[in-house]
Amino acid sequence: MKCAGAVIGLTFALAIHVEAAEIKVISTGGARAVMTSLVPEFERKSGHKVDIEFGTPGNMRDRLLQGQVADVAVAIAAILPDLEKAGKISSGTRMEFAASYVGVVVRAGAPKLDVSTPDGVKRAVLMAKTVALSDPKAGTQLGATFIGAADRLGFGADLRSRTKLILGPGSDVAEAVAKGEAELGVTLISEILPVAGVELGGELPSNIMPPTVTHAFLVSGAKDTETAKAFLDFLRSPDARRIIEAKGMKPAPQ
């Protein structure tokens, strides 16, 4: 009986091995902390493998438009019109995935900031000698958007005189603060929390800096649509929602 059980177990293991697949996922860097936690959980539950790459929104858009092969993409809403126009989004598969709010990043141990009002945000900026922001040349517009918000609120010139542009994703903005290259920075909360040596100093109100909404979809021409759809289904699951919240993003409404 033990021998028969062993044979059945081996057969089942072989069946899983044969059915296991690998999909390619390309994701915005703002979702890195979430995706690097979601992928291992999906792999554990499904037996499939996921090869994931990250990039800034502009970099992602350009790579997909130039024909990069992928099964699933996780992208911010701002680049979707270009992808849809080029036919890169498989019809009927696009779904809102999560939203990431914008926060102020400070060095670990620094006092929390009251940035709940426009005056509070202005005070925080004026207290800092240097403010790290993402450089638009890196393919992300968050830094430019914050400068635009500062212009509307009357402290744009003060912010510009303190700005240190970081040529990289939001995690590099947080790293600049960790290294002492800037006293504070402004970027997505999901890109602040994973970085050692820094803390979230405060969340900016959505009427000053609206959240960045991220969508997931099947890329047109995907090689393994069945496994890719299973991955999209997993992103809607209760387990995925718990991970999304734990990593500083907010799941899409159900």
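So, how was this worked out
Every residue gets a number counted from 1 within its own chain, in the order that chain's sequence is written. This being a predicted model, a pLDDT of at least 70 is required before a residue's local features are given, and a value of 80 or more before pairs of side-chain atoms are given or counted; all residues contribute to the totals for chains, interfaces and linings. With hydrogens and water set aside, each side-chain value is computed from the structure's full complement of heavy atoms. Note on conventions: DSSP H or I runs of at least 4 residues are helices, E runs of at least 2 residues are strands, and numbering of each starts at the N terminus. To estimate the expected span of a helix, count its residues, drop one, and scale the result by 1.5 Å. A 1.4 Å probe rolled over the protein chains alone gives each residue an accessible area, and that area as a share of the maximum for its type sets the label: buried under 20%, exposed over 50%, partly exposed in between. The salt bridge criterion pairs a side-chain nitrogen of Lys or Arg with a carboxyl oxygen of Asp or Glu, the two atoms within 4 Å. Here the arc refers to the directions that run from the helix axis out to each C-beta atom. Every residue pair with non-hydrogen atoms within 4.5 Å of one another is taken to be in contact. Pairing of aromatic rings covers Phe, Tyr and the six-membered ring of Trp, with a centre-to-centre limit of 6.5 Å; geometry is then stacked below 30 degrees between planes, edge-to-face above 60, and tilted otherwise. Sitting over a ring, as applied to charges here, requires NZ of Lys or CZ of Arg to be within 6 Å of the ring centre and within 35 degrees of the ring normal. Note on pairing: two strands pair once DSSP finds at least 2 bridges between them. Orientation is described by axes fitted as lines to C-alpha atoms, over the contacting stretch for helices, and by angles from 0 to 180 degrees between their N-to-C directions. Scored between 0 and 100, pLDDT is the confidence that the predictor attaches to each residue.

Peer 1: Sorry if this is basic, but what is going on with helix α2 (residues 32–46) here?
Peer 2: Each α-helix turn comprises 3.6 residues. Residues three or four places apart therefore point the same way. Compared with the 21 Å implied by 1.5 Å per residue over 15 residues, the 21 Å span of α2 between its first and last C-alpha is a close match. Among the residues making up α2, those that are buried are A33, V34, M35, L38, V39, E41, F42 and E43. Two residues or fewer past α2, G47 is found with a positive phi of approximately 85°.

Peer 1: I'm lost on the pattern of salt bridges in this one. Help?
Peer 2: Where charged atoms of side chains with opposite charge meet at close range, the side chains can pair. Overall, the coordinates contain 13 salt bridges when judged by the stated rule. Residues D239 and R242 are paired through a salt bridge, measuring 2.0 Å at the closest nitrogen-oxygen approach. Of this pair, D239 and R242 both sit in helix α11 (residues 238–246), three residues apart, which is roughly one turn of that helix. A residue is classified by how much of its surface remains accessible, and D239, at 24% relative accessible area, is partly exposed. Taken together, the salt bridges that share partners define one network made up of E41, R44, K45, D239 and R242.

Peer 1: How do you make sense of helix α10 (residues 225–235) when you look at a structure like this?
Peer 2: If you check which residues of α10 are buried, you get T227, A228, F231, L232, F234 and L235. Projection of α10 onto a plane perpendicular to its axis shows the buried side chains occupying an angular sector of 155°, all on one side.

Peer 1: Sorry if this is basic, but what is going on with the environment of K49 here?
Peer 2: Along the chain, the position of K49 falls in strand β2 (residues 49–55). As for K49 and P211, which are separated by 162 residues in sequence, their C-alpha atoms are 31 Å apart. The residues contacting K49, other than those within four sequence positions of it, are A21, E22, I23 and E43.

Peer 1: Teacher, can you tell me more about the packing of aromatic side chains here?
Peer 2: To describe a pair of aromatic rings, one takes the distance between the centres and the angle between the planes. Under the definition given, this model contains two aromatic pairs. Here F42 and F231 contribute two aromatic rings whose centre-to-centre distance is 5.0 Å and whose plane-to-plane angle is 85°, an arrangement assigned as edge-to-face. A residue pair is termed long-range when its members are at least 10 positions apart, and F42 in helix α2 and F231 in helix α10 qualify at 189 residues. Assessed through its relative accessible area of 0%, F231 is described here as buried. Both rings, one in F42 and one in F234, keep their centres 5.7 Å apart while their planes meet at 50°; by these two values the pair is tilted. Pair noted here: F42 is in helix α2 and F234 is in helix α10, with a separation of 192 residues, a long-range link. The structure contains a cluster of three or more aromatic residues connected by ring pairs, namely F42, F231 and F234. In this structure, K250 is placed above the aromatic ring of Y101, and the distance from its NZ or CZ to the ring centre is 4.1 Å.

Peer 1: Explain the sheet that holds strand β8 (residues 184–188) here, please?
Peer 2: Strands belonging to one sheet form pairs held by backbone hydrogen bonds; the direction of such a pair is parallel or antiparallel. Strand order in the open sheet formed by five strands is β7-β6-β8-β5-β9, and the pairing between neighbours is mixed. Each having just a single partner strand, β7 (163–166) and β9 (198–203) make up the two edges of the open sheet. The sheet shows a mean angle of 35° between the axes of neighbouring strands, direction not considered. Judged from the five bridges that link them, strand β5 (residues 102–107) and β9 form a sheet pairing that is antiparallel. Considered in β9, the bridge of V105 is made with L200. Sheet strands in contact with helix α8 (residues 170–178) are β5, β6 (131–134), β7, β8 and β9, and its direction is about 160° off that of β8.

Peer 1: Can you walk me through the side chain of T28 in this structure?
Peer 2: Here T28 shows up in strand β1 (residues 22–28). Relative accessible area serves as the criterion here: at 4%, T28 is assigned to the buried category.

Peer 1: Quick question: what am I supposed to make of the confidence of the model for the chain here?
Peer 2: Low-pLDDT portions of the prediction should not be read for the details of their coordinates. Model confidence for the chain is summarised by a mean pLDDT of 91, while 93% of its residues fall at 70 or above. Contacts for the low-pLDDT stretch residues 1–18, under 50 throughout, to residues beyond four places or in other chains number zero contacts.

Peer 1: Explain the sheet that holds β1 here, please?
Peer 2: Read across the sheet, six strands follow the order β2-β1-β3-β10-β4-β11 without closing on themselves; strand pairing throughout is mixed. Each end of this open sheet is capped by a strand with a single partner; those strands are β2 and β11 (249–251). Strand-to-strand twist across the sheet, computed as the mean angle between neighbouring axes with direction ignored, equals 20°. Of the strands in this sheet, β1, β2, β3 (72–76), β4 (95–100) and β10 (212–218) touch α10, which is tilted by about 150° from β10.

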